[in-house]
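# Results of the structural survey
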Amino acid sequence: MYDERSEHDPRRAYADIHGAGHEPVGGKQASRRTFLKASGGLIAGAAAQVSPAVAPQGAVSADHGPPDIMKRDPEASSLVSSIAEFVHGTGFGDLPDTICRIARQHLLDTIGCCLAAARLETSRSLASYLMSEGGTGQATAISIPQQLPVPQAAFMNGLLARSLEFDDMAMPDLHPSGAIMPLVLALCEWQRASGEQAILAYVIGLELCLRLDRAGYDRASRSSRFLERGQDATAICGTLAGAAAAAKLLGFHAKAIANAIGIAVSFAAGSLEANRSGGTIKRFQSGWAGKSAIQAALLAKYGVDGPAQALEGRYGFYHCFVDGQFDPHTLTDGLGSVWQASDLRFKPYPSNYYTHAGIDAALALRQKGLKAGEVASAQLAVATPMLHTIGEPLDRKQAPQTAYEAKFSGPYTVASALIGGSGLGLGIDDFTDELIRDPTRRALMRRISVTSDPRCDSIFPQQAPAIMSVTTKDGRRMVEEVLINRGSPERPLSDDELAVKFSENCRSVLAPETTEALRSSIDRITEAKDLSEIVRILATVRG
């Protein structure tokens, strides 16, 4: 458990934060919560302009456990202290069975995404950099032949999780597992935590990441304020949520958890400009969030304080990132009894989620007999917030310069689906630097435009819809609407489809029998006394 004596020992602080020691600093968590109820609802006056957040579509309510957080005296409470009480008081036994199942599925999916990215150039670049930094080995970093300090292992695995744009997401703009899973995996290995502790910390991190993001939803524009400002909400909110999950695994009391979250506010960062004008830096941002989250928690362990009003204060998190416009109720209403993590979505295709409905529309038209060479022109109509990501600037989206840019291009993904792809319709093999220069794809992309549509606007952000209209060279007009996303709770991927995705992600680095052993270990994770069986397999992967 958390030990206040360590705050006064700078040698231990250095060892934990920089990886110069081996000893675990946390202990087992209580299996049930003794929940000290707190409130964020009465902090509402702290927000300059409050807009209700997007409602979760499939939120799961607990059959047991405490009721919603109760109101407290605002002089004695804050949003961060209320959240810290939730984190401290929640035990594995408080998680509904449905949420545990969802967590296992998404853990498996995210690890698969890490394995698929192990041999990318950006992965090798970060691996070389991290190995050059040195430090005592504490945790496994996938694709690296030596253990790294815990924060560095989380950095590496977070890069891998997000590199292929294949990890899970939640509307309107969040990819929580890519930030949370890597730090949970690294810390659990170091702390020799049980499978139950791993799932608990993972769920807590997912839940807080979702709520922190959705508190910044702007109902007027039907979009995320983070997104509209070009901010990577996954990395930004993931740093805070990850610090809470790390603090839980390290056995902190509520005050130290609050400090960890408050410290993380100063570490949060992330820009989406690479989606628009190129560059690979966005791949690194979720890994940096995991690294920063662990370091924030360890700094709190050794006596560093976070601000009391870290979230709602005049210069707090929401003022810095969204001009103080947020809904505090979204952070705490139903916290501990309604689980928004049930709204997570699997990605069937390794590209930006806003391209997925267009891919499905193109695949449907192809199934109806449309051939790529027959297309005279095509228009992909989407919701306005989606247009900014996958359709602007159009000339760049019609001619992406790298395979990574192509993942954010409506014209490229539609053209590739019309030509025919791999995996579940469009797969990893369909995004290469060679294919983006393919003359057939280049010519077809120039005939595909992207625009906004009022009907799609009315559906977003509950879904990320698309309406595709094609005019053929012989004058026919074909229209295909995709208003519910494949992989969403309303249109879930089947167990067989998830198995295909996982196997495809593992095939370049693991033998089929090893892939099956890894799948089995993750399926049984809550029965495990530690994660050694999972880590042993991951440690065999080379970049």
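See the structure printed just above.
Everything numeric here is computed off the predicted structure, so don't read it as measured data. Residue positions are given per chain, counted from 1 along the sequence in the order it is written. Given that the model is predicted, a residue must reach a pLDDT of at least 70 before its local features are reported, and side-chain atom pairs must reach 80 or more before they are shown or counted; all residues, however, enter totals for whole chains, interfaces and linings. For the side-chain quantities, the full set of heavy atoms in the structure was used; hydrogens and water were omitted.

Put simply, DSSP H or I for four residues or longer makes a helix, DSSP E for two residues or longer makes a strand, and each gets a number counted from the N terminus. Along its length, the protein chain carries 25 helices and eight strands. Throughout, exposure labels follow a simple rule: accessible area from a 1.4 Å probe, protein chains only, divided by the maximum for the residue type, with under 20% read as buried, over 50% as exposed, and the rest as partly exposed. For the protein chain, with 543 residues in total, the buried portion stands at 63%. Residue pairs in contact within the protein chain that sit at least 24 positions apart in sequence constitute 81% of those at least 6 positions apart. Of the accessible surface of the protein chain, which amounts to about 19,000 Å², a share of 51% is contributed by carbon and sulfur atoms. Contacts were defined at the residue level, with two residues in contact if any of their heavy atoms lie within 4.5 Å. Surface accessibility in these figures is a Shrake-Rupley result with a 1.4 Å probe; residues are shielded only by whichever protein chains are displayed.

Among the structural elements, Ala246 can be located in helix 9 (residues 233-249). Each C-alpha atom of the pair Ala246 and Ala186 lies 9.9 Å from the other, and the pair is 60 residues apart in sequence. Discounting chain neighbours no more than four positions away, the residues touching Ala246 are Leu183, Leu187, Ala293, Ile294 and Ala297.

Moving on to the layout of surface pockets. The computed volume of the largest pocket comes to approximately 380 Å³. The wall of the largest pocket is formed by 18 residues, among which Leu120, Arg283, Ala403, Phe431 and Thr432 lie closest to the centre. The set of elements that each furnish at least two residues to the lining of the largest pocket consists of helix 4 (121-133), helix 18 (403-406) and helix 20 (433-436). Under the scheme applied here, ten amino acids are nonpolar (Ala, Val, Leu, Ile, Met, Phe, Trp, Tyr, Cys and Pro), four are charged (Asp, Glu, Lys and Arg), and all others, including Gly, are polar. Grouping the amino acids of the lining of the largest pocket by side-chain chemistry returns seven nonpolar, four polar and seven charged. The pocket and cavity definitions rest on a 1 Å grid over protein atoms only: a 1.4 Å probe that fits but cannot leave marks a cavity, an open set with protein on both sides within 12 Å along at least five of seven lines marks a pocket, and residues lining either have an atom within 4 Å of a point. Grid points are joined across faces, edges and corners, and a volume is the space filled by probe spheres set on the points.

Over the atoms, a rolled probe matching the size of one water molecule traces out where space is still vacant. Inspection of the entire model under this criterion finds seven cavities of 30 Å³ or more. Taken as a whole, the largest cavity spans an internal volume of roughly 160 Å³. Lining the largest cavity are 17 residues, and of these Asp173, His175, Leu227, Asn275 and Asn352 lie nearest its centre. Split into classes, the residues belonging to the lining of the largest cavity amount to seven nonpolar, six polar and four charged. Reported here for the second largest cavity is a volume of approximately 90 Å³. Forming the boundary of the second largest cavity are 13 residues, of which Phe166, Gly423, Gly427, Ile428 and Glu504 lie nearest the centre.

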